[in-house]
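Descriptive structure summary
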Amino acid sequence: TMLHSALALCLLLVAVSSNLAIAIKKEKRPPQTLSRGWGDDITWVQTYEEGLFYAQKSKKPLMVIHHLEDCQYSQALKQVFSQNEEIQEMAQNKFIMLNLMHETTDKNLSPDGQYVPRIMFVDPSLTVRADIAGRYSNRLYTYEPQDLPLCKYSQTINSGHS
């Protein structure tokens, strides 16, 4: 009977999840889970590894945004980032985009500590560009809403690889 109840549970879960899928599909807007609010029109990669793969393949730099939901600074940056058309267009067209709520195993992405919000750039040769930093000497890779748009950073990267 153990097997029987396990099977019944599986069928129930399948039924529930397919009903859930139907309920979600009824919403008009396409579900965009990877954006986490940073921009639903941007194509986001799911993992750092995937980001590196596409950066190399597309010859576009990878932008990695580290953030946390319960961090007011992350939220403030996200709001400006997601509402600025120029930034959204640049992110969509000039970069491979990744936003993370956890740290990767790549220590190069936290050269001066694991704080949020933190934006790191990786160029298409897969070099983490620790030389591209923001205004703060104590947190080199943090950006505040008024530090956007990041266009000058993109130009620095893209000019070397045109």
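Residues numbered from 1 in each chain as written. Predicted model: local features only at pLDDT ≥ 70, side-chain atom pairs only at ≥ 80, totals over all residues. Heavy atoms only, no water.

To continue, consider helix α2 (residues 48-58). All of the buried residues along α2 are Y48, G51, L52 and A55. Each buried residue of α2 lies within a common arc of 100° when the element is viewed along its axis, so the set occupies one face. In this structure, α2 carries E49 and K57 as exposed residues pointing more than 90 degrees from its buried face. Buried residues along α2 sit in contact with β1 (62-66), β2 (96-100) and β3 (118-122). (Buried < 20%, exposed > 50% of the residue type's maximum accessible area, 1.4 Å probe, protein only. Helix = DSSP H or I, 4+ residues; strand = E, 2+ residues; numbered from the N terminus. Arc of directions from axis to C-beta. Contact = heavy atoms within 4.5 Å.)

Burial in helix α4 (residues 85-94) covers these residues: I87, Q88, M90 and A91. Down the axis of α4, the buried set is contained in an arc of 165°. They therefore lie on one face. Seen from the open side of α4, the exposed residues pointing more than 90 degrees away from its buried face are E85 and E89. N-cap assignment for α4: the residue whose side-chain oxygen lies 2.9 Å from the backbone N of E86 is N84. (Polar contact = N/O pair within 3.5 Å; in protein donor to acceptor, adjacent residues only side chain to side chain.)

Here the focus is the pairing of β3. Successive residues of a regular strand alternate their side chains across the two faces of the sheet. Most of β3 is tucked away: five of the five residues are buried. Burial of β3 is two-sided: the residues R118, M120 and V122 facing one way and the residues I119 and F121 facing the other way are all buried. By the bridge criterion, five bridges tie β1 to β3 in an arrangement that is antiparallel. Directly across from M63, in β3, lies its bridge partner F121. (Pairing = 2+ DSSP bridges.)

Now for the sheet that holds β3. Pairing in this open sheet of three strands is mixed, and the strands run β2-β1-β3 from one edge to the other. In this open sheet, the two edge strands, each paired with only one partner strand, are β2 and β3. Averaged over all adjacent pairs, the angle separating strand axes in this sheet is 15°, with direction ignored. (Axes fitted to C-alpha atoms, helices over the stretch in contact; angles between N-to-C directions.)

With that out of the way, let us pick up the pairing of β1. Of all five residues in β1, five are buried; the element is thus mostly enclosed. Residues L62, V64 and H66 line one face of β1 and the alternating positions M63 and I65 line the opposite face, and both faces are buried. When β1 meets β2, the two strands line up parallel, connected through five bridges. Residue pairing for β2: L62 is matched across the bridge by I96.

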